[in-house]
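Fold and geometry: a report
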Protein chains: 2
Amino acid sequence: MCDCPHSPQGGTILLPGHTNVTKVKLPVTQENCRPVAPILARVGDKWSILVVMILSQGPRRFNDLKRNIDGISQRMLTLTLRGLERDGLVTRTVFPTIPPRVDYALTDLGHSLCVPVTGLGKWAMANIDTIERSRAEFDARSED
Amino acid sequence: MCDCPHSPQGGTILLPGHTNVTKVKLPVTQENCRPVAPILARVGDKWSILVVMILSQGPRRFNDLKRNIDGISQRMLTLTLRGLERDGLVTRTVFPTIPPRVDYALTDLGHSLCVPVTGLGKWAMANIDTIERSRAEFDARSED
DNA sequence: CCGAATCCGCGAGGATACTG
DNA sequence: CAGTATCCTCGCGGATTCGG
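A quick note: this is a predicted structure, and the numbers were derived from the prediction, not measured.

1. Quick notes on the overall build of chain A
- A count of helices and strands for chain A gives 6 helices and 5 strands.
- Looking at the 144 residues of chain A, the share that counts as buried comes to 46%.
- Residue pairs in contact within chain A that sit at least 24 positions apart in sequence constitute 38% of those at least 6 positions apart.
- Carbon and sulfur atoms make up 56% of the accessible area of chain A, which totals about 8,000 Å².

Here's what the structure looks like:
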């Protein structure tokens, strides 16, 4: 990806040199980012990230999650959890009782995802005011 | 947001205490995350993040961007750039020449966004193999 | 070259009803 | 309780055309 902030040209990757490691500049293209895209799609997904954040507090049952995520439909919660489980971010544990009980919990991988996501969250919290002001100004300029 | 990895219960925020600072547990709800959601939506957007990454290398012209982002339509590039400009992440500079020329560049805010996004990118690069393996296994279990 | 405007297909996602 | 199945709509986004 990129070596922001303010790198004028190119990201850097590490390639094995002779005995040392050499840094090689290469342009940022969709080639480099392609494998990252599906991850970003998951993180950027409206519901996935909420589920992960809530599960970071500990395991939850299905309806417990549903109650705590305002506006999510049964269907979307199911699909979201399936996707997270498929990616190995969440475990699904079924207790064959009556009535049935299913616990969802973050895997280690899921927990590790919280780190960069929290970083993004902090950036968002720190800059939300600036952004909303920018939006307001932009919209004011547009309407005439 | 959350204090992963592996915080068993609750995130922490800092509240001003008497002379010291006290840590207060509070649940992660969509209340806490609401202001963050639109930011994540932007970051998670398929095109936005690619544009930001490419612009992190330096200013680009419209068609230059278009050529470097495989598969993006003119319309979506325009909309994406407008959104980024509106959020104050990108500047749009028009040179009234013939033919016209428009340069797009990251603002300081845009550059600062690269930092957490790069963090996420590194996580993705580091775990893409694990995730794809997990997906393959999950799909194998499903088909029967 | 840069963009706005229009049309249109399609798939994400909500609502509802039904099962184990 | 924890899903699955079906229907239906609504808006995202591609293709195309026109304007400055």
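Let us keep going from here.
2. A closer look at the pairing of strand 4 (residues 90–95) of chain A
Residue and element names in this part refer to chain A.
- Two elements, strand 4 and strand 5 (residues 101–106), share 6 bridges in a ladder whose sense is antiparallel. Across the sheet, the residue bridging to Thr93 is Asp103, located in strand 5.
- Between strand 4 and strand 5, which follow one another and run antiparallel, lie 5 residues.

3. Looking at the sheet that holds strand 4 (residues 90–95) of chain B
Residue and element names in this part refer to chain B.
- Taken in spatial order, the 3 strands make up an open sheet running 3-5-4, and their pairing is antiparallel. Both outer strands of the open sheet, strand 3 (60–61) and strand 4, are each paired with one neighbouring strand and no more.
- As defined by bridge partners, strand 3 adjoins strand 5 (residues 101–106) across 2 bridges and the pair is classed as antiparallel. Its bridge partner being in strand 5, Arg60 is matched across the sheet by Tyr104.
- Docked against the sheet, helix 5 (residues 74–86) engages strand 4 and strand 5, running at close to 115° with respect to strand 4.

4. Here's the deal with the environment of Thr80 of chain B
Residues and elements named next belong to chain B.
- The residue Thr80 is located in helix 5 in this model.
- For the pair Thr80 and Lys66, spaced 14 residues apart in sequence, the C-alpha separation works out to 11 Å.
- Excluding residues that lie within four positions of it along the chain, Thr80 makes contacts with Asp45, Trp47, Ser48 and Val51.

5. Focus: unusual backbone geometry
- With an omega of 0°, the peptide bond between Ile98 of chain A and Pro99 of chain A qualifies as cis.
- Along the chain, Pro99 of chain A falls in the loop between strand 4 and strand 5.

6. Describing the pattern of salt bridges
- The final tally for this structure, using the stated rule, is 10 salt bridges over all chains.
- Residue Arg42 of chain A pairs with Asp87 of chain A through a salt bridge whose shortest N-O separation is 2.5 Å. Taken together, the residues Arg42 of chain A in helix 2 (residues 37–44) and Asp87 of chain A in the loop between helix 5 (74–86) and strand 4 connect sequence positions 45 residues apart.
- Asp103 of chain B is paired through a salt bridge with Arg101 of chain B; the nearest N and O atoms lie 3.1 Å apart.

7. Here we look at the packing of aromatic side chains
- Tallying each qualifying case throughout the model produces 0 aromatic pairs over all chains.
- Here Arg101 of chain A stacks its cationic end above the ring of Phe95 of chain A, 5.1 Å away from the centre of that ring.

8. Some words on the protein's contact with DNA strand D
- Inspection of the region around DNA strand D gives 18 residues, with Gln74, Arg92 and Tyr104 of chain A together with Arg75 and Met76 of chain B positioned closest.
- Close to the protein, within 4 Å, the atoms of DNA strand D are drawn from sugar and phosphate at a rate of 68%.
- At 2.6 Å from a base nitrogen of DNA strand D is found a side-chain nitrogen or oxygen belonging to Gln74 of chain A.
- A distance of 2.6 Å is found between a phosphate oxygen of DNA strand D and a side-chain nitrogen or oxygen belonging to Tyr104 of chain A.
- Among the secondary structure elements, those contributing two or more residues to the surface near DNA strand D are helix 4 (62–68), helix 5 and strand 5 of chain A together with helix 5 of chain B.
- Residues of the surface near DNA strand D, tallied by class, amount to 8 nonpolar, 5 polar and 5 charged.

9. So, the nonpolar core
- Among the nonpolar cores identified, the biggest contains 66 residues, and Tyr104 of chain A together with Tyr104 of chain B are the most heavily contacted of them.
- Leave out the neighbours within four places in its chain, and Tyr104 of chain B touches Leu55, Pro59, Arg60, Phe62, Leu65, Leu81, Arg82, Val90, Thr91 and Arg92 of chain B.

10. What to know about the protein's contact with DNA strand C
- Around DNA strand C, a shell composed of 18 residues is seen, among which Ser73 and Met76 of chain A together with Phe62, Gln74 and Arg92 of chain B lie nearest.
- Contact distances for DNA strand C include 2.9 Å between a base nitrogen and a side-chain N or O atom of Arg75 of chain A.
- Elements represented by at least two residues in the surface near DNA strand C include exactly helix 5 of chain A together with helix 4 (62–68), helix 5 and strand 5 of chain B.
- Ranked by the residues each element gives to the surface near DNA strand C, the list is headed by helix 5 of chain B, at 4 residues.
- Of the residues contributing to the surface near DNA strand C, the split by class is 8 nonpolar, 5 polar and 5 charged.

Conventions adopted
Residues numbered from 1 in each chain as written. Chains lettered and ligands numbered in written order. Predicted model: local features only at pLDDT ≥ 70, side-chain atom pairs only at ≥ 80, totals over all residues. Heavy atoms only, no water. Helix = DSSP H or I, 4+ residues; strand = E, 2+ residues; numbered from the N terminus. Buried < 20%, exposed > 50% of the residue type's maximum accessible area, 1.4 Å probe, protein only. Contact = heavy atoms within 4.5 Å. Areas by Shrake-Rupley, 256 points an atom, 1.4 Å probe, with all protein chains shown as cover. Pairing = 2+ DSSP bridges. Axes fitted to C-alpha atoms, helices over the stretch in contact; angles between N-to-C directions. Salt bridge = Lys/Arg side-chain N within 4 Å of Asp/Glu carboxyl O. Phe/Tyr/Trp six-rings, centres within 6.5 Å; stacked < 30°, edge-to-face > 60°. Lys NZ or Arg CZ within 6 Å of the ring centre and 35° of its normal. Near = heavy atom within 4 Å. Polar contact = N/O pair within 3.5 Å; in protein donor to acceptor, adjacent residues only side chain to side chain. Nonpolar A, V, L, I, M, F, W, Y, C, P; charged D, E, K, R; others polar. Core = buried A, V, L, I, M, F, W, Y, C linked by side-chain atoms within 4.5 Å.

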